[in-house]
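Below are the chains, spelled out letter by letter.
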Amino acid sequence: MPLLPFRIEVLWSDVLVWLLVAGIIAYALYARRHPHLRAPWSRVARSPGAMAAATVLVFFVTTGLLDSLHYRPLLPPQGGKAVYATEVRSVLDLVLAPLRAQREKTYSAPFATELYAKETVKRADGEEVREFPRLRHGGKHLQDPAGSAADIALRAFRGVVVALLAWFAFALLLSAMLARQQGGGIEAAWRSMWSGLTPVPWRAVLATLGVLALIAGPVVALAPYYHVLGTDKVGQDVLYQSLKSIRTGLVIGTLATLVTLPFALVLGVMAGYFKGWVDDVIQYVYTTLSSIPGVLLIAAAVLMMQVYIENHAELFPSTEIRADVRLLALCVILGLTSWTGLCRLLRGEALKLRELEYIQAARAFGVSHWRIMMRHITPNLMHIVMIALVMDFSGLVLAEAVLSYVGVGVDPSMISFGTMINSARLEMAREPMVWWSLAAAFFFMLLLVLAANLFADAVRDAFDPRVAMAGGRA
Amino acid sequence: MSAYLLRRVLYGVLVLLGVNVLTFALFFFVNSPDDMARAQLGAKRVTPEAVEKWKHERGYDKPLFLNEKKSGIEQVTDTVFYTKSVRLFAFDFGASDQGRNIGYDISTRMWPSLAVQLPAFIIGLLVYISFALLLALFRASAFDVGGVVLCVLLMSISSLFYIIGGQYVFGKLWSLVPISGYDGGFEALKFLALPVLIGVASGIGGSTRWYRSIFIEEIGKDYVRTARAKGIGELRVLFRHVLQNAMIPILTGVVVVIPLLFMGALITESFFGIPGLGSYTIDAISQQDFAIVRAMVFLGSVLYVIGLILTDISYTLVDPRVRFS
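Just so it is clear, the structure is predicted and the values come from calculations on it, not from any experiment. (Residues numbered from 1 in each chain as written. Chains lettered and ligands numbered in written order. Predicted model: local features only at pLDDT ≥ 70, side-chain atom pairs only at ≥ 80, totals over all residues. Heavy atoms only, no water.)

## Some thoughts on the packing of helix 3 (residues 48-66) of chain A against helix 18 (residues 436-463) of chain A
Residues and elements named next belong to chain A. As a reminder of what qualifies: Helix axes are fitted only over the stretch in contact, all axes being lines through C-alpha atoms; the angle between N-to-C directions runs from 0 to 180 degrees. Here a strand is any run of E in DSSP of at least two residues, a helix any run of H or I of at least four, and the numbering for each starts at the N terminus. Throughout, the term roughly parallel applies to angles under 35 degrees, roughly antiparallel to angles over 145, roughly perpendicular to angles from 65 to 115, and oblique to all others. Should the near helix be turned counterclockwise from the far one by less than a right angle, the crossing is left-handed, whereas a clockwise turn marks it as right-handed. Contacts: residue pairs with any heavy atoms within 4.5 Å of one another. Polar here means any residue outside two lists: the nonpolar Ala, Val, Leu, Ile, Met, Phe, Trp, Tyr, Cys and Pro, and the charged Asp, Glu, Lys and Arg; Gly therefore counts as polar.
Here helix 3 crosses helix 18 at 135°, and the two axes come no closer than 8 Å. Judged on the interaxial angle alone, helix 18 and helix 3 are oblique. Remark: the crossing between helix 3 and helix 18 carries left-handed chirality. Across the interface between the two elements, Ala-50, Ala-53, Ala-54, Val-56, Leu-57 and Phe-60 from helix 3 touch Phe-444, Leu-447, Leu-448, Ala-451, Ala-452, Leu-454, Phe-455 and Ala-458 from helix 18. Along the lines of polarity and charge, the residues of the contact of helix 3 with helix 18 split into 14 nonpolar, no polar and no charged.

## Topic: the nonpolar core
Rules: Among buried residues, the Ala, Val, Leu, Ile, Met, Phe, Trp, Tyr and Cys ones that are joined through side-chain atoms within 4.5 Å form a nonpolar core. Buried residues are those whose accessible area, probed at 1.4 Å on protein chains only, stays under 20% of the maximum for their type, while exposed residues exceed 50% and partly exposed ones sit between those limits. An automatic or database domain assignment supplies the residue ranges for each domain.
Counting residues in each nonpolar core, the largest one holds 197 residues, and the members touching the most others are A:Ile377, A:Ile421, B:Phe215, B:Ile267 and B:Met296. Ranked by residue count, the leading element in this core is helix 18 of chain A, at 17 residues. Each of domain 1 (15-90) and domain 2 (109-323) of chain B contributes no fewer than three residues to this core. Beyond its immediate stretch of four places on either side in the chain, A:Ile377 contacts A:Val269, A:Tyr273, A:Ala350, A:Leu353, A:Ile359 and A:Ile372. The next biggest cluster of nonpolar side chains, apart from the first, holds 7 residues, and it includes A:Ala171, A:Ala189, A:Met193 and A:Leu206.

## Observations regarding the pairing of strand 5 (residues 128-131) of chain A
Just so we agree on the cut-off: When DSSP finds two or more bridges between two strands, those strands count as paired.
Relative to strand 5 of chain A, strand 4 (residues 119-122) of chain A is paired through 4 bridges, and the arrangement is antiparallel. Along strand 5 of chain A, the bridge assignment pairs A:Lys122 with A:Glu128.

## Quick notes on the packing of helix 6 (residues 102-137) of chain B against helix 9 (residues 188-219) of chain B
Residue and element names in this part refer to chain B. Across the interface, helix 6 lies against helix 9 with an axial gap of 6 Å and an inter-helix angle of 35°. Here the hand of the crossing between helix 6 and helix 9 comes out right-handed. Here the contact of helix 6 with helix 9 is built from residues that sort into 23 nonpolar, 5 polar and 1 charged.

## Re empty space enclosed by the protein
Applied cut-off: We place a 1 Å grid over just the protein atoms. Points where a 1.4 Å probe fits but has no way out form a cavity, open points with protein on both sides within 12 Å along at least 5 of 7 lines form a pocket, and any residue with an atom within 4 Å of a point lines it. Grid points are joined across faces, edges and corners, and a volume is the space filled by probe spheres set on the points.
Going through the model one piece at a time under the given rule, you end up with 2 cavities of 30 Å³ or more. Size it by volume and the largest cavity reaches roughly 60 Å³. Taken together, A:Thr287, B:Arg8, B:Tyr11, B:Gly12, B:Val15, B:Val305, B:Leu308 and B:Ile309 make up the lining of the largest cavity. Listing elements by their share of the lining of the largest cavity, those giving two or more residues are helix 1 (2-28) and helix 14 (290-318) of chain B. Ranked by the residues each element gives to the lining of the largest cavity, the list is headed by helix 1 of chain B, at 4 residues. Here the residues of the lining of the largest cavity sort into 5 nonpolar, 2 polar and 1 charged. Elements with a minimum of two residues in the lining of the second largest cavity: helix 1, helix 5 (80-85) and helix 14 of chain B. For the lining of the second largest cavity, the class distribution of residues is 4 nonpolar, 3 polar and 2 charged. A domain-level breakdown of the lining of the second largest cavity finds at least three residues from each of domain 1 (15-90) and domain 2 (109-323) of chain B.

## Points about the sheet that holds strand 2 (residues 70-73) of chain A
All names here are of chain A. Judged by pairing direction, the sheet is antiparallel, and its 3 strands sit side by side in the order 1-2-3 without closing on themselves. The two strands at the open ends of the sheet, each matched to only one other strand, are strand 1 (6-8) and strand 3 (89-90). Summarising the sheet, strand 1 and strand 2 pair through 3 bridges and their orientation is antiparallel. Pairing of Ile-8 across the sheet is with Tyr-71, part of strand 2.

## Brief notes about the interface of chain A and chain B
Under the convention used in this document: As a working definition, buried area equals the accessible area (1.4 Å probe) given up by two parts on being put together, with both sides summed. The working definition used for a salt bridge is a side-chain nitrogen of Lys or Arg within 4 Å of a carboxyl oxygen of Asp or Glu. For the purposes of these results, a polar contact is taken to be a pair of N or O atoms within 3.5 Å, where, inside protein, one atom must be able to donate a hydrogen and its partner to accept one; residues adjacent in sequence count only when each atom of the pair is a side-chain atom.
Across the contact, 50 residues belong to chain A and 52 residues belong to chain B. Contact between chain A and chain B buries roughly 4,300 Å² in total, counting both sides, with carbon and sulfur atoms accounting for 72%. Between chain A and chain B we count 1 salt bridge in total. For B:Arg209, the salt bridge is made with A:Asp457, and the minimal N-O distance between the two is 2.8 Å. In this structure, the connection of chain A to chain B is made through 6 residue pairs in polar contact (both at pLDDT 80 or more). Elements represented by at least two residues in the side of chain A that touches chain B include exactly helix 10 (276-291), helix 11 (294-311), helix 16 (382-406), helix 17 (417-425) and helix 18 of chain A. If one sorts the elements of the side of chain A that touches chain B by residue count, helix 11 of chain A sits on top with 12 residues. By residue class, the composition of the side of chain A that touches chain B is 34 nonpolar, 8 polar and 8 charged.

## Description of the domain arrangement of chain B
All names here are of chain B. One can read the domain layout of chain B as domain 1 (15-90) and domain 2 (109-323). Computed from C-alpha coordinates alone, the two centres of domain 1 and domain 2 are separated by 38 Å. Facing 14 residues of domain 1, the contacting portion of domain 2 comprises 12 residues. Taken over both partners, the interface formed by domain 1 and domain 2 buries close to 1,100 Å², and the fraction arising from carbon and sulfur atoms is 76%. Three residues stand out in domain 1 for area buried against domain 2, namely Leu-16, Phe-27 and Leu-88, and they jointly supply 42% of the buried area on that side. Taken together, domain 1 and domain 2 are joined by 0 salt bridges. Elements that contribute at least two residues to the side of domain 1 that touches domain 2 include exactly helix 1 and helix 2 (33-41). Considering every element that reaches the side of domain 1 that touches domain 2, the biggest residue donor is helix 1, with 7 residues. Residues that form the side of domain 1 that touches domain 2 fall into these classes: 10 nonpolar, 3 polar and 1 charged.

## Considering unusual backbone geometry
All names here are of chain B. Phi at Ala-140 is positive, roughly 65°, even though this residue is not glycine. Locating Ala-140 in the fold gives a position in the loop between helix 6 and helix 7 (142-155). Look at Ser-175: it is not a glycine, yet its phi comes out positive at around 50°. Structurally, the position occupied by Ser-175 is in the loop between helix 8 (159-173) and helix 9.

## Quick look at the side chain of A:Ser416
Residue and element names in this part refer to chain A. Mapping Ser-416 onto the fold places it in the loop between helix 16 and helix 17. Since its relative accessible area comes to 0%, Ser-416 is described here as buried. Polar side-chain contacts of Ser-416 include one of 3.2 Å to the backbone nitrogen of Gly-418. Setting aside its immediate chain neighbours within four residues, Ser-416 contacts Ser-245, Thr-248, Glu-400, Ser-404 and Val-410.

## A short note on the environment of A:Ile252
Checked against the element boundaries, A:Ile252 lands in helix 9 (residues 238-274). Other than its neighbours up to four places away in sequence, A:Ile252 contacts A:Leu327, A:Leu330, A:Cys331, A:Leu334, A:Leu396, A:Glu400 and A:Val410.

## Comments concerning helix 13 (residues 340-353) of chain A
An α-helical turn contains 3.6 residues, so any two residues separated by three or four positions project in the same direction. Residues and elements named next belong to chain A. Defined as follows: Here the expected span of a helix is defined as 1.5 Å times the quantity of residues minus one. To be clear, the arc concerns the directions from the helix axis to the C-beta atoms.
For helix 13, with 14 residues, the first-to-last C-alpha span of 20 Å sits near the 20 Å given by 1.5 Å per residue. Among all positions of helix 13, only Thr-340, Leu-342, Cys-343, Leu-346, Arg-347, Ala-350 and Leu-353 are buried. Take helix 13 and look down its axis: the buried residues cluster within an arc of 150°, on one side only. Opposite its buried face, helix 13 presents the exposed residues Leu-345 and Lys-352, each directed more than 90 degrees away.

## Quick word on a nonpolar patch on the surface
Residues and elements named next belong to chain A. What counts here: The patches described consist of residues with a relative accessible area above 30% and no salt bridge, like charges being joined within 9 Å and nonpolar side chains (Val, Leu, Ile, Met, Phe, Trp, Tyr) within 5 Å. The protein chains shown are the only cover counted for residues, whose accessible areas, like all others here, come from Shrake-Rupley with a 1.4 Å probe.
A contiguous nonpolar patch, built from Ile-8, Val-10, Trp-12, Val-15, Leu-16 and Leu-19 and spanning about 610 Å² of accessible area, is present on the exposed surface. The topology assignment puts Val-15 in helix 1 (residues 12-33). Take Val-15: its relative accessible area is 31%, and that puts it in the partly exposed class.

## Quick look at the pattern of salt bridges
On inspection of all chains with the given rule, the structure shows 20 salt bridges over all chains. Among the salt bridges present, the one from A:Asp411 reaches A:Arg322, with a minimum N-O distance of 3.3 Å. Residue A:Asp411 is found in the loop between helix 16 and helix 17, and its partner A:Arg322 is found in helix 12 (residues 319-337); the two are separated by 89 residues along the sequence. Linking B:Arg228 and B:Glu234 is a salt bridge whose minimum nitrogen-to-oxygen distance equals 2.8 Å. Salt bridges linked by common partners bring A:Asp67, A:Asp93 and A:Lys244 together as one network.

Structure, rendered in structure tokens:
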């Protein structure tokens, strides 16, 4: 028998996601030891808005990372040989096992105990009636579905109490840590934390956490018993879908920007530094690329990729792997079509830098072009790169939804905000309207994009020398 | 100056040449015409005869660059590259993979697109610039901070939700306008009102913030301080000096999109059932009609290049430094 009841399955996007995490950790360690990087980041850490946004982002990133650890469970043994399921699951699926398993027949409203559509049901006495059948899972512990409101209220209340206790414990722990750092008593630390006197605005973090706890507490308490956000057409829990969509959005938002980086950086620096014919060629390339309307270029490239995948089906053993490769290809396409803006910015900045005295001095000393670009120009462009990285993220998350609607987004089998909206849109005309999938996608996307935008603004304000000189205000 | 503009036009042609070669490579090198035929005809059980027939009907069975079976000029002209790519420069878009005349479709469908896009563009410009000026006038006040936060909130909402929400509230709940459809003449107004409104609304967040940042940057410059020092009122400084000088960065971003208004808005048109070029493109993408997608890519680039040239011309109009250099 195998040692583990599962086999780890590493998808390509997982590799990149964890490499990215490693890269961020390495960058953080590097930035800690270099004052010119530590200063702007500590400015970010002192901004209450940025810290509140970061708290929300931590929730999203944790969900996304849990969803990036994939495995295939062991099937019940057949003839003494270990057989693993073909379906790839993630650790998040394990955490959300009840949500994943509790499938209904079709649509049901949030907290409903009955199906959304009437069905012909055969009673025990043989009589056939048209009625709303009870759900298989939502509220099945109830004897009488009429009492669901009281049950929901009770469970939600318990959830809130537990969440608030946990939140309070965290706040205490935090002030204990602060007290150790500052060398005062816990009480003093607690008071300075709440009056906003700590350098890092812990008050904003705690307030955000409090709001999150107030929402998450009842949801966690209710989710195993009810479909908190309803179910979709095939009876899948919408809360589960929303949480699964997070990874797709994060992967697209981060990996696509990473693809743009090498092109933008190398070509931008070269164009600005060498000028002359190198500059002409590079300018021509990016003008040509950016002259094609973005959606059309992406659509054309994705169509071609679809044809390729259709004609080479043998390369993709399972749906998850195919969807994963498609996701990566989408990131690459998004990256290849959108590096031009950043490249133009970097070229302009490199043009300015190359005229400065320290570069001229380096050239007079006979330092090679390569070394000047690597050592003297690129590091001085990094603030622009950092700003572009964080600013592009939210745009890409929004673009995914639109592209999936157009039909050139992620694989239809992959859960994403775009596919959620796309399938819910068809039910707009129904009476009464099926609104919960749309509402769920709306709120999760808004929260993610808003947090990313606020954080990006703080990073821009901290890194942009023009803003920093104007006293830190945009 | 005319020499300068001529140079820009020639550069534009060069860019179009690049786009042409790039699209050709994308559509014919990544996948062979055989692959495309199989994808179009569906499934793997397609017979080779069916593939050949599909290719022949659409003219994909010719050699890519050089036809050795023909003689003289036809060696070059009777090829896929010439018929499908070079002919685009004469705005001969050929037939779609479904057999429709793309040139005719474009000439009829661009007007509904323009009918949505042009009013949305003009109203939007007025609304965004007014809001941005208002925020710039009260900069660094609670009103300004609130306005910027509202902008960030509005730009964090996917454009899909503006459309879905607008259709639900104005079309379904209040029944003010039909949810979707289109008609010619004055009847079109009731179909256009909502798409135009949504087009304006969905851009408010991002655009207002962008214009505001331009104005704020302009306000920080020395000439503004001089003007204030001379005792000119804040309103006059803002409208007379800042707005005028901010025209250059504004024109860079605005003029270039004017020709692209013809292309329509993909999502809006498909949601509202407007028979414009946007919904045409979406339909082509979902039917995998590569000929139409190729034509639209080229058309989009042509319009963008025209936009770039218009931008250059507009510079010469507003900036005397460009005019006299």
